[in-house]
Amino acid sequence: MAANKRIMKELGEINTNPPPGCAIRLAKEDDINLWDVTMDGPQDSPYTGGKFHIQIVLPKEYPFKPPVLTFRTKIYHPNVTNDDKGAMCLGMLRADEWKPPNKIVDVLKLVRAVLAAPQPDDAVEAGIANEFKTDRKAFDKTAQDWVKKYAK
């Protein structure tokens with residue numbers, strides 16, 4: 001019950017004062033553990049102009065266990081798996097690094113920061129990370145092409 005109270009408090013706070021470029025709502029009105037996020041691609045990044053659908057699943061043990069975040073919009077990014085899962089590699093979401101005081105708003109701010117500044121040394125897609133490091137122009141073009149194709 002305390003988890004539900006915490007989730008409702010966070011949802012209220014995040015809807016009153018959403019992080020920049022984010023719109024958050026419950027995926028289903030009767031399930032407070034499943035959130036839908038629409039995130040605008042950060043300005044001055046290859047993702048500018050894109051709208052990315054992200055799903056957040058809050059485990060029953062939240063905030064003692066981290067949320068699970070998945071990109072439902074395909075994205076060409078070294079820190080997001082290029083498969084149907086769309087998992088993002090974020091240190092703070094690993095079970096051994098998650099701390100109960102962390103909030104979803106902090107997770108979303110970090111996601112936007114990583115979109116704006118990929119972390120190729122902590123990549124889940126080695127090929128994309130390598131291209132980011134060695135041929136930034138080609139990386140940017142492919143990322144922009146994917147935004148036009150998938151993130152509108």
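Residues numbered from 1 in each chain as written. Predicted model: local features only at pLDDT ≥ 70, side-chain atom pairs only at ≥ 80, totals over all residues. Heavy atoms only, no water.

Observations concerning the overall build of the chain
For the record, the criterion: Only DSSP runs of H or I with at least four residues qualify as helices, and only runs of E with at least two residues qualify as strands; both kinds are numbered from the N terminus onward. To get the radius of gyration, use the C-alpha atoms; to get the globule rule, take the number of residues to the power 0.38 and multiply by 2.2 Å. For this analysis, residues touch if any pair of their heavy atoms sits within 4.5 Å. Calculation of accessible area relied on Shrake-Rupley with a 1.4 Å probe; when residues are assessed, cover is drawn exclusively from the protein chains displayed. Only four residue types enter the tally: Lys and Arg on the positive side, Asp and Glu on the negative side; His and the chain ends are excluded. Charged side chains are reduced to one point each, which is NZ for Lys, CZ for Arg, CG for Asp and CD for Glu.
The helix and strand inventory of the chain stands at 4 helices and 4 strands. Of the regular secondary structure in the chain, the N- to C-terminal order runs α-β-β-β-β-α-α-α. In summary, the chain has a C-alpha radius of gyration of 16 Å against a globular reference of 15 Å for 152 residues, a match within 12%. Seen through its principal axes, the chain has C-alpha atoms that stretch 50 × 30 × 25 Å. Of the contacts made within the chain by residues no fewer than 6 positions apart, 53% connect residues no fewer than 24 positions apart. Just so you have it, the chain exposes about 8,200 Å², and 53% of that area is on carbon and sulfur atoms. Taking the 23 positively charged and 21 negatively charged side chains of the chain as two groups, their mean positions are separated by 2 Å.

Here's the deal with the environment of P42
Applied cut-off: Think of it in three bands: with a 1.4 Å probe and only protein chains considered, a residue is buried below 20% of the maximum accessible area for its type, exposed above 50%, and partly exposed in between.
Here P42 shows up in the loop between β2 (31-40) and β3 (51-57). Taking the relative accessible area as the measure of exposure, P42 reaches 5% and is therefore buried. Residues P42 and I104 lie 62 residues apart in sequence; the distance between their C-alpha atoms is 18 Å. Among all residues touching P42, those that are not within four sequence positions of it are Y47, T48, R112, L115 and A116.

Examining the sheet that holds β3
As a reminder, the rule being used: For two strands to be treated as a pair, DSSP must find at least two bridges joining them. All axes here are fitted lines through C-alpha atoms, helices being fitted over the stretch that makes contact, and every angle between N-to-C directions spans 0 to 180 degrees.
Spatially, 4 strands are ordered β1-β2-β3-β4 in an open sheet, and the strand pairing comes out antiparallel. Both edges of this open sheet fall to β1 (22-28) and β4 (68-71), since each of them pairs with a single strand only. Averaged over all adjacent pairs, the angle separating strand axes in this sheet is 25°, with direction ignored. Two elements, β2 and β3, share 7 bridges in a ladder whose sense is antiparallel. Bridge pairing in β3 links L34 to V57. Relative to β2, helix α1 (residues 2-16) is tilted by about 25°, and along the sheet it contacts β1 and β2.

Some remarks on the nonpolar core
Applicable threshold: What is meant by a nonpolar core is a set of buried Ala, Val, Leu, Ile, Met, Phe, Trp, Tyr and Cys residues, joined one to another through side-chain atoms within 4.5 Å.
Counting 40 residues, the largest nonpolar core has W35, I56, L69, F71, L108 and V111 as its most contacted members. Of all elements in the fold, only α1, β1, β2, β3, β4, α2 (104-116), α3 (126-134) and α4 (136-150) reach the threshold of two or more residues within this core. The dominant element in this core, judged by the number of residues it contributes, is α2, at 7 residues.

Just distances and angles here, no functional claims.
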